[in-house]
Amino acid sequence: MKVYEGFSVSDGIAYGKAITLCYERKFVRDEISDDEKENEIARFESLLSSYLESERVKVVDKKLESLLNVHIELIDDPYLKNTIKSKILEENKSLEKAIEETFNQICFELNNLESDYMRDRIYDYISIQEEFIRTLTSAKDVEITENKFILFIENLSPKIIDKYKNRLLGIVSTNGGKTSHASLYAKNLQIPYMICDSLDLKELKDENFDCILDCDSEKIFLSPNEDTISCYKNLLKSSQKEFLDTNIVRTRNNRYIRVCSNISSFEEFEVSLKNGTDGCGLFRTEFLYMSDDSPTEEYQFEIFKKLAESTDKPIIIRTFDIGADKKSKFFRLDEEKNPFLGLRGFRIYKEFHKELRKHLRAILRASAFGNLKIMIPMITTLEEILWIKNEILKIKDELKEERVDFDEDIEFGIMIETPASVFLFDILVKEVDFVSIGTNDLVQYMLACDRENSKMQLLYDCYDPSVIRSIHRVVDIAHRNGKRVSMCGNFASELDAVELLILLGIDEFSVTNDVLQKIKKRIKLFDQNNYLDFFENINKFKTGRSVLYYFDNK
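Residues numbered from 1 in each chain as written. Predicted model: local features only at pLDDT ≥ 70, side-chain atom pairs only at ≥ 80, totals over all residues. Heavy atoms only, no water.

Per an unreviewed UniProt entry, the chain goes by the name Phosphoenolpyruvate-protein phosphotransferase and belongs to Parvimonas parva. Quoted verbatim from the Catalytic activity (unreviewed entry) field of the UniProt record, the comment on the chain reads "L-histidyl-[protein] + phosphoenolpyruvate = N(pros)-phospho-L-histidyl-[protein] + pyruvate". Here is the UniProt Subcellular location (unreviewed entry) comment for the chain, exactly as written: "Cytoplasm". (UniProt positions renumbered as here; feature names shortened; annotations may be inferred.)

A.B. asks: Is there a simple way to think about the sheet that holds strand E7 (residues 210–214) in this case?
C.D. replies: Hydrogen bonds between backbone atoms are what pair the strands of a sheet, whose relative direction is either parallel or antiparallel. On the basis of which strands lie adjacent, the open sheet formed by 8 strands has the order E1-E8-E7-E3-E4-E5-E6-E2 and mixed pairing. Looking at which strands have only one partner, the edges of the open sheet turn out to be strand E1 (2–5) and strand E2 (7–10). Here the strands of the sheet are splayed against their neighbours by 30° on average, with no regard to which way each runs. As defined by bridge partners, strand E3 (residues 13–21) adjoins strand E4 (residues 149–153) across 4 bridges and the pair is classed as parallel. Each residue of the ladder has a partner; that of Ile19, found in E4, is Leu151. (Pairing = 2+ DSSP bridges. Helix = DSSP H or I, 4+ residues; strand = E, 2+ residues; numbered from the N terminus. Axes fitted to C-alpha atoms, helices over the stretch in contact; angles between N-to-C directions.)

A.B. asks: When you look at unusual backbone geometry in this model, what are you seeing that I'm missing?
C.D. replies: Both trends apply: most residues other than glycine have a negative phi, and most peptide bonds are in trans. A positive phi angle, near 50°, is found at Ser223, a position not held by glycine. On the secondary structure map, Ser223 appears in the loop between strand E8 (219–222) and helix H11 (226–243). According to the relative accessible area criterion, Ser223 is partly exposed, its value standing at 39%. One non-glycine residue, Asn254, lies in the positive phi region at around 65°. Owing to a relative accessible area of 51%, Asn254 belongs among the exposed residues under this scheme. (Buried < 20%, exposed > 50% of the residue type's maximum accessible area, 1.4 Å probe, protein only.)

A.B. asks: Would you mind going over the pattern of salt bridges with me for this structure?
C.D. replies: Close approach of charged atoms allows side chains of opposite charge to pair. Inspection of every chain in the model, using the stated rule, returns 34 salt bridges. Linking Asp426 and Arg473 is a salt bridge whose minimum nitrogen-to-oxygen distance equals 3.6 Å. Residue Asp426 is found in helix H17 (residues 425–428), and its partner Arg473 is found in helix H19 (residues 465–480); the two are separated by 47 residues along the sequence. Here Arg473 falls in the partly exposed class, since its relative accessible area comes to 29%. Counted as one network, the salt bridges with shared partners bring together Glu297, Glu298, Arg357, Arg361, Arg365, Glu398 and Glu402. (Salt bridge = Lys/Arg side-chain N within 4 Å of Asp/Glu carboxyl O.)

A.B. asks: Help me understand helix H12 (residues 266–274), please; the structure alone is not making it clear to me.
C.D. replies: An α-helix turns once every 3.6 residues. As a result, residues three or four positions apart point the same way. Regarding H12, the residues found buried are Phe266, Glu267, Glu268, Phe269, Val271 and Ser272. Following H12 by one or two positions, Gly276 has its phi on the positive side, about 85°.

A.B. asks: I keep staring at the packing of helix H5 (residues 95–111) against helix H7 (residues 121–136) and nothing clicks. Help me out?
C.D. replies: In helix packing, the relevant descriptors are the interaxial angle and the interaxial distance, both defined with respect to the helix axes. Direction vectors running N to C along H5 and H7 enclose 175°, while the axes themselves pass 9 Å from each other. With respect to H7, the axis of H5 lies roughly antiparallel. Counted together, Leu95, Glu96, Ile99, Glu100, Phe103, Asn104, Ile106, Cys107, Leu110 and Asn111 of H5 and Arg121, Ile122, Tyr125, Ile126, Ile128, Gln129, Phe132, Ile133 and Leu136 of H7 form the full contact between these two elements. The residue inventory of the contact of H5 with H7, partitioned by class, reads 13 nonpolar, 3 polar and 3 charged. (Parallel < 35°, antiparallel > 145°, perpendicular 65-115°, else oblique. Contact = heavy atoms within 4.5 Å. Nonpolar A, V, L, I, M, F, W, Y, C, P; charged D, E, K, R; others polar.)

A.B. asks: How should I be thinking about the environment of Gly281 in this particular structure?
C.D. replies: As for its placement among the helices and strands, Gly281 is situated in strand E11 (residues 280–284). Using a relative accessible area of 0% as the deciding quantity, one classes Gly281 as buried. Through-space distance from the C-alpha of Gly281 to that of Ser486 is 7.6 Å; in sequence the pair is 205 residues apart. For Gly281, the residues in contact, after removing those within four places along its chain, are Cys260, Ser261, Ile316, Met375, Glu508 and Ser510.

A.B. asks: Would you mind going over H7 with me for this structure?
C.D. replies: With 16 residues, H7 extends 23 Å from end C-alpha to end C-alpha; this agrees with the ideal 22 Å at 1.5 Å per step. In terms of residue burial, H7 counts as a mostly covered element, since 13 of its 16 residues are buried. (Expected span 1.5 Å × (residues − 1).)

A.B. asks: Looking at this structure, how should I read the nonpolar core?
C.D. replies: Looking at soluble globular proteins, one finds that nonpolar side chains tend to be buried together. Counting 92 residues, the largest nonpolar core has Phe304, Phe509 and Phe534 as its most contacted members. The greatest single-element share of this core, amounting to 7 residues, is contributed by H19. Ignoring anything within four residues of it in the chain, the contact list for Phe509 reads Ile257, Arg258, Val259, Cys260, Met487, Ala492, Val498, Leu501, Ile502, Ile519 and Ile523. With 24 residues, the next largest nonpolar core counts Leu47, Ile75, Leu95 and Ala98 among its residues. (Core = buried A, V, L, I, M, F, W, Y, C linked by side-chain atoms within 4.5 Å.)

A.B. asks: Looking at this model, I keep getting lost on the pairing of strand E13 (residues 372–376). Mind explaining?
C.D. replies: On any regular strand, side chains alternate: one points to one face of the sheet, the next to the other face. Counting buried positions along E13 gives 5 out of 5 residues, so the element sits mostly inside the fold. The alternating pattern of E13 places Leu372, Ile374 and Ile376 on one face and Lys373 and Met375 on the opposite face, and all of these are buried. Judged from the 3 bridges that link them, E13 and strand E14 (residues 412–416) form a sheet pairing that is parallel. Counterpart to Ile376 in the pairing with E14 is Ile414. Remark: the E13/helix H15 (residues 382–401)/E14 crossover connection has right-handed handedness. (Right-handed = clockwise from strand over helix to strand, strands pointing away.)

A.B. asks: Can you help me understand the state of the cysteines in this one?
C.D. replies: What we call a disulfide is simply a covalent bond connecting the sulfur atoms of a pair of cysteines. Going through the model one piece at a time under the given rule, you end up with 0 disulfides. In this structure Cys211 is not part of a disulfide, and its nearest cysteine sulfur, from Cys215, lies 9.4 Å away. By relative accessible area, which is 0% here, Cys211 ends up buried. Not part of a disulfide, Cys462 finds its nearest cysteine sulfur in Cys449, a span of 9.7 Å. (Disulfide = S-S within 2.5 Å.)

A.B. asks: Where do I start with the environment of Ser10 in this structure?
C.D. replies: Mapped onto the elements of the fold, Ser10 is located in strand E2. The buried category is assigned to Ser10, whose relative accessible area is 0%. Along the backbone, Ser10 and Leu189 are 179 residues apart, and their C-alpha atoms lie at a distance of 9.1 Å. Residues in contact with Ser10, not counting those within four places in the same chain, are Ala186, Lys187, Gln190, Ile191, Pro192, Tyr193 and Cys215.

A.B. asks: Would you mind showing me how to read a negative patch on the surface here?
C.D. replies: A contiguous patch of negative charge on the surface is contributed by Asp200, Glu203, Asp206 and Glu207. Along the polypeptide, Asp206 turns up in the loop between helix H10 (201–204) and E7. A relative accessible area of 71% places Asp206 in the exposed class. (Patch = residues over 30% accessible without salt bridge, like charges linked within 9 Å, V, L, I, M, F, W, Y side chains within 5 Å. Areas by Shrake-Rupley, 256 points an atom, 1.4 Å probe, with all protein chains shown as cover. Lys, Arg positive; Asp, Glu negative; His and termini not counted. Charge placed at Lys NZ, Arg CZ, Asp CG, Glu CD.)

A.B. asks: Explanation requested: the packing of helix H4 (residues 78–91) against H5 in the structure shown.
C.D. replies: Closest axis-to-axis distance for the H4/H5 pair is 9 Å, and the angle between their directions is 135°. With respect to their mutual orientation, H4 and H5 come out oblique. Relative to H5, H4 is oriented so that their crossing is right-handed. Of the residues in H5, those touching H4 at Tyr79, Leu80, Thr83, Ile84, Lys87, Ile88 and Glu91 are Leu95, Ala98, Ile99, Glu101, Thr102, Phe103, Gln105, Ile106 and Glu109. Partitioning the contact of H4 with H5 into residue classes produces 9 nonpolar, 3 polar and 4 charged. (Left-handed = near helix turned anticlockwise from the far one by under 90°.)

Structure (structure tokens):
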């Protein structure tokens, strides 16, 4: 038995047969003669054509389609294509060498960026380069006969996950980043996934062995012994029995708290339902606008209807939240010096009024088929709420005239993401049925620091007293007005924050699929009697560290 350590991307434990995909890189020459340039360009054009046309995956879910085809979007980049051609024509590089040098340069530039998210795009480019070279050298795909297996691979791509997703028990790669597109896809599908750069895949390629993948303790056991296998089999059985709670859980003080899911597609929601979600606390609709064309009302209606019919549990649909870090091919917004302070969320609705109307009509029509709710992002003023509510009323009147069914009492909510909405909340609360606190942006705006800037990570602190007081203020006002409060930012998915958020009064956690059952377990273990002095201390906390210190000593 050999034991390796890595870092987990997606939590979970898996046991099964290991399959290693390791592609041999054939030697290619670096230089070509002038007479060969035309042929190399022709090979490149043929390669591009095969990827930009034949390789595109078509699925109904446009968000999923965009994720599966992200490599094609990166390939269809004038800079990349022109650089490769230039190296062939001006530097006499072979196509393989031109590809290698171009991708190395792109990865070098990405590695020098401050954003961790952008640096993780390196692994997307590495996967593309590998696919290119495999195609050019006519490397054959490995045929996998195992029904269920743990995949060992050097560079993971969304397309590989999609190819084997119904057979994957887990994944181990030697390269990767936590926010690469492949990592996000594995995480959303709840496939245990770990990155371990100390493995030698060439040694493992022809080996026949079992594996235990423990992403919770970040360990990999190759050819585990009988005692280890027995231990993990018991652990898997007990965890499945203990954690799969399909009911709304309650604390030891009989307070019921919903644990819902943040999702971007129907496929993700299916996973959530299997894992005992209490509903959808945030359905992101941005994926509808990832192509050049405007999604029709009918197309959107069918997606929302499918969601509504899948369950009687509540589903909160957030209207399209485009702008800042959420780019869209359809909404071609002007470049801004400060995009996080510019047109985003609600702020683009008046400019794209026609699209908003189609969007709202589709949601309202689908509300006749299930428990849908509408939530508006990036609200700052009372005028914004009154304007959007008036638009919804107009559409309701239109649907009545057209004799189209919809839920006339569909609930209306807003996201609390700005300091303005926190301090005006005593006024805003009168106009809504519920609110959801988006901590990702609230922390960013409250502390005036870019959450994508790695140099700001020490300042970007969800436990900062200003953030804690803001959450407390919103919950207190909401409850005094009989309104419930959800939290859908990353803070809600932090296991160590569960007790704090319960004490602050959060009624509903909206979390990622991988922690859903773990959050439920923490809620069931919570006892208010252990924190009777919390509200005596809430205004005494001076730093985020002091908040953590309070809970560490309980």
